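As a plain string of letters, each chain reads:
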Amino acid sequence: MISTPVEYERAQSELRDLQERLAQLQRDHPMGEKGFTKAGIRKLIARLNEELAIFEGSEEARSSPSS
């Protein structure tokens, strides 16, 4: 669970990396290939998006001067 602005920034960076990895897999492997890998990356992206949303809605995010 994300609880500090530093963790938030780290999660955003990880999210960008995962999105780039997914895009690369989609370019390199047509439909039906590497399906489990793509699904796993999508699940990680979804989890990070949920955690980022929770943090953004938290009191700490509202009181933080950054972001």
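Attention in this report is confined to the structure presented alongside it.

Criteria and thresholds
Residues numbered from 1 in each chain as written. Predicted model: local features only at pLDDT ≥ 70, side-chain atom pairs only at ≥ 80, totals over all residues. Heavy atoms only, no water. Helix = DSSP H or I, 4+ residues; strand = E, 2+ residues; numbered from the N terminus. Contact = heavy atoms within 4.5 Å. Areas by Shrake-Rupley, 256 points an atom, 1.4 Å probe, with all protein chains shown as cover. Axes fitted to C-alpha atoms, helices over the stretch in contact; angles between N-to-C directions. Parallel < 35°, antiparallel > 145°, perpendicular 65-115°, else oblique. Left-handed = near helix turned anticlockwise from the far one by under 90°. Salt bridge = Lys/Arg side-chain N within 4 Å of Asp/Glu carboxyl O. Buried < 20%, exposed > 50% of the residue type's maximum accessible area, 1.4 Å probe, protein only.

**Considerations on the overall build of the protein**
Then step 1. Counting secondary structure elements, the protein contains 3 helices and 0 strands.
Then step 2. Starting at the N terminus and walking to the C terminus, you meet the elements of the protein as α-α-α.
Then step 3. Residue pairs at least 24 apart in sequence account for 62% of intrachain contacts in the protein once pairs closer than 6 positions are excluded.
Then step 4. Split by element, the accessible area of the protein, about 4,800 Å² in all, is 54% carbon and sulfur.

**Regarding the packing of helix H1 (residues 5-28) against helix H2 (residues 35-57)**
Then step 1. Where H1 meets H2, the axes come as close as 9 Å, and the angle between the chain directions of the two elements is 155 degrees. In terms of their interaxial angle, H1 and H2 are classed as roughly antiparallel. Between H1 and H2 lies a crossing whose hand is left-handed. Packed against H1, whose contacting residues are Pro5, Tyr8, Ala11, Gln12, Glu14, Leu15, Leu18, Gln19, Arg21, Leu22, Leu25 and Gln26, the element H2 presents Thr37, Lys38, Ile41, Arg42, Leu44, Ile45, Arg47, Leu48, Asn49, Leu52, Phe55 and Glu56 at the interface.

**Quick notes on the pattern of salt bridges**
Then step 1. All chains considered together, the criterion is met by 2 salt bridges.
Then step 2. One salt bridge in this structure joins Arg47 and Glu14, with 4.0 Å as the shortest N-O distance. Of this pair, Arg47 sits in helix H2 while Glu14 sits in helix H1; the two residues are 33 residues apart in sequence, bridging distant segments of the chain.
Then step 3. A residue is classified by how much of its surface remains accessible, and Arg47, at 34% relative accessible area, is partly exposed.

Function-wise, these values are silent; they only describe arrangement.
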